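# Observations on the three-dimensional arrangement
So the chains spell out like this:
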Amino acid sequence: MAPVIVPTTPFNDQKPGTSGLRKKVTVYSQPHYVANFIQSIFDVMSGSGDDGIQGQTVVVGGDGRFYNPEAIQIIVRMAAANGIRRLLIGRGGILSTPAASHVIRKYKAFGGIILSASHNQGGPDGDFGIKYNTGNGGPAPEKITDAIFKRTGEITEYRTVETPDIDLDRLGTSQLEGMTVEIIDPVADYAELMESLFDFDQIRSLFRGGSQGGTQGGKFRMVFDALSAVTGPYATEILEKRLGAPAGTVLNGTPLPDFGGHHPDPNPVHAHDLVAAMTGPNPPDFGAASDGDGDRNMIMGPSLFITPSDSLALLAANAHLAPGYAGGLRGIARSMPTSRAADRVAAKLGIPGFETPTGWKFFGNLLDAGQATLCGEESAGTGSDHVREKDGLWAVLLWLNILAARNQPIGEIVRQHWRELGRDYYTRHDYEDIDNATADAMMADLRASLPTLPGTRIGDAEVKTADDFEYRDPIDGSISKRQGIRISFADGSRVVYRLSGTGTGGATLRVYMERYEPDPAKQELDSQEALAGLIATADAVAGISKRTGRDKPSVIT
Ligand code: G16
C-alpha cells in the first residue's frame, strides 16, 4: 500500500524545552499535532545514504502515561511511510528513559522517540511529551531541536499508511508495509547492563543479612517507591527478583496511565509513602524513589534526605567500590545550579570537574568524548557513561553497592563525607505557575542589574560576582547563552535564578541557594535554617514576594 500524504498546517507552539516537547494531553490530542511533530523529526533527520534515518532502526518507548498507546500507533504508521527499516518498541509501549537510551546504543539504532513528560503529572488533564534521542542514546542537542522547531513552522504535509493498530503487548516480530516491527522486553537488556556494572553478589548478601550495611542490628531493609510510574517493573525485577530484596520492597510498582494520581516527581513533597516510611517508627535502612520515566532518583536514609547534589558527590567519591567504576573516574560533570559538593570530590580525586547548563543533553559531548564518567543535576538526576540519560535505578544500585561494600549505615557515610570535605547546605525554592509576564520582567530586571551588583551589600551579604551563565561546550565549541543568573557573595555562598524549561502552564521560577560549611560542629542544621539569611537575601535581590504576591514557594526541595 502506498503511503498517504496528509496535508497539514503548522502549529506555532512546538518548540522543545529543556527536555523535549511537553504539552497538556489536550494540546497533544488535537488532530495532526503528534503527526506534525513526528514528521518534522523525520524531515530533519532524513538524509542521503547512511547519514539519514531512512532504512535505519529506530527505538520507540515511553513511561506508559495516558495517550502513550495512541501516540505510538501514529508513530508506527508514520515510520513505515517514511522508510524506517526497523522499529524496536518496548512491550506495552514501555521503556524507561535510561532503558531506551541503552536499547538505542546496544542495537546501534539511528535514534529513538521517547514518549514522556517525565516528572509532570499524567492522566487526561495531565501532561504528555515527545523527545527525540540520537544514535549515542542521548537527548538531541540544541542544534537538532532548533532545526525540528524550525521545521514545525514550515510543514505542509505528513506521510502515513492506512493500517490497523499493531498489538503492542505481544513480544515478537511482525512486518508492516515493508518495515519490521519488534516488540521487545523493556526490562531484560537494562537489567543485564546493571548486572555488568554492580556487584550483585555483594548486594544480595546485604539483603540476606550477611553484611550489616549499617542496619540497626537486624537485616538490611530498603523501600523503593516507584510512584505508579515506569520503574515499577524494572525495580521489581532487579531488586526483588535478582537481588533478593523481600517482596513488598517496591511500593506502587505497577505503571498506571495517570500514575494512580501520584505526582511522579521524587522529592520530599511528592514521594509521600517513601517519606512516611523513612521518617516513621523503625524506618528501613535505605529509601529511594524514581520519577515518571525512570531517569530521576531520590535517596533517603533513616530520617535523612540526601540532596541530589550531595548524592552526586558521595557517589563520585565512592564509585570505585562498584566493579563498573573500579578503574576510577575520568571526570565529574554537574549542571550549573547543582551545588559545588561534586567539585570538591573532583579536586580530591585530581580529576576535572565540569559545569554545564541545566539539561542532560549538555552532558552528551563530555560523555562521548570520554571526559566525564559521572554526571548529576540538582533536579534529582544522576548518571554515568553507561547510557546517555540520567538513570534513577542505576543511582539506587550504586548506592546499594557502596552500602554493601562499606558495611556502614548511610547516615554515617554521609556525615563522614561532610567532615572530610565540608557540607554544602543546599535548597531549591520553586514558585510555580506565576504569570509569564511577571516572571519575564523579574528576570529582565535582574539581568539589567547585574553590572551594578558586585560590591553592593544586601543585609549582611556583600555581592562578589553577578552574571548570566553562558556555556561554551569544550568539545564542539557551541555557545549557549542565558542559562541562569548567578550571584555569588563574599562569604562563598551563592544564589541562582532561572525559569524552568519543562513546565506546561505559567512560568516556574527556580531559586537555588547554597552555603559551604567546613566546620563539623555546624553541619547538623536543617538546611532551611542554615540558609535562612541567604533565602531572605535572594528574595530581596529579585523582589520575588513583592512581584509575585507569594509569601512562600510552592515547592521546597
Ligand atoms: C529535565 C532535564 C534535566 C533538568 C530538568 C529540570 O529533566 O532532563 O536536565 O534538570 O528537566 O529542568 P527545568 O529546571 O528546566 O524544569 P526530566 O527528568 O524532566 O526529563
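Cut-offs used in this document
- Residues numbered from 1 in each chain as written.
- Predicted model: local features only at pLDDT ≥ 70, side-chain atom pairs only at ≥ 80, totals over all residues.
- Heavy atoms only, no water.
- UniProt positions renumbered as here; feature names shortened; annotations may be inferred.
- Helix = DSSP H or I, 4+ residues; strand = E, 2+ residues; numbered from the N terminus.
- Rg over C-alpha atoms; globule rule 2.2 N^0.38 Å.
- Buried < 20%, exposed > 50% of the residue type's maximum accessible area, 1.4 Å probe, protein only.
- Pairing = 2+ DSSP bridges.
- Right-handed = clockwise from strand over helix to strand, strands pointing away.
- Near = heavy atom within 4 Å.
- Polar contact = N/O pair within 3.5 Å; in protein donor to acceptor, adjacent residues only side chain to side chain.
- Areas by Shrake-Rupley, 256 points an atom, 1.4 Å probe, with all protein chains shown as cover.
- 1 Å grid on protein atoms, 1.4 Å probe; cavity = no way out; pocket = protein on both sides within 12 Å on 5 of 7 lines; lining within 4 Å.
- Sits in = over half its atoms within 2 Å of the grid points.
- Nonpolar A, V, L, I, M, F, W, Y, C, P; charged D, E, K, R; others polar.

Going by an unreviewed UniProt entry, the protein carries the name phosphoglucomutase (alpha-D-glucose-1,6-bisphosphate-dependent) and comes from Skermanella aerolata. The UniProt entry for the protein carries this comment under Cofactor (unreviewed entry): "Mg(2+)". If you open the UniProt record of the protein and go to Sequence similarities (unreviewed entry), you find "Belongs to the phosphohexose mutase family."

This part covers the overall build of the protein. Within the protein, the regular secondary structure consists of 18 helices and 27 strands. Against the 2.2 N^0.38 benchmark of 24 Å for 557 residues, the protein shows a C-alpha radius of gyration of 23 Å, consistent with a compact globule. Dimensions of the protein along its principal axes, counting C-alpha atoms only, are 75 × 60 × 40 Å. Relative to its 557 residues, the protein shows a buried fraction of 58%.

The next subject is the UniProt feature "domain: Alpha-D-phosphohexomutase alpha/beta/alpha" (unreviewed entry) in the protein. Under the local residue numbering, the UniProt record ascribes the feature "domain: Alpha-D-phosphohexomutase alpha/beta/alpha" (unreviewed entry) to residues 14-158, 215-300 and 309-420. With 45% helix and 14% strand, residues 309-420 has its two end C-alpha atoms placed 16 Å apart.

In this section: the pairing of strand β15 (residues 332-335). Alternating positions in β15 separate into two faces, I332 and R334 on one and A333 and S335 on the other, with burial throughout. As paired elements, β15 and strand β16 (residues 353-356) share 4 bridges and run parallel to each other. From the neighbouring strand, A333 faces β16, where its bridge partner is F354. For the handedness criterion, the β-α-β arrangement of β15, helix α11 (residues 341-349) and β16 is classed as right-handed. The pairing of β15 with strand β17 (residues 374-377) spans 3 bridges and is classified as parallel. If you follow A333 over to β17, its bridge partner there is C375.

In the vicinity of the ligand there are 19 residues, among which E377, S500, G501, T502 and R510 approach most closely. Contacts to the ligand include S19, whose side-chain N or O atom sits 3.5 Å from an oxygen atom. One of the side-chain nitrogen or oxygen atoms of S379 is found 2.7 Å away from an oxygen atom of the ligand. For the ligand, the accessible surface in isolation is 470 Å², of which the surrounding protein chains cover 99%. When atoms are counted within 2 Å of each cavity's grid points, the one that captures over half of the ligand is the largest cavity. Each residue belonging to the shell around the ligand can be placed in one class, and the counts come to 1 nonpolar, 10 polar and 8 charged.

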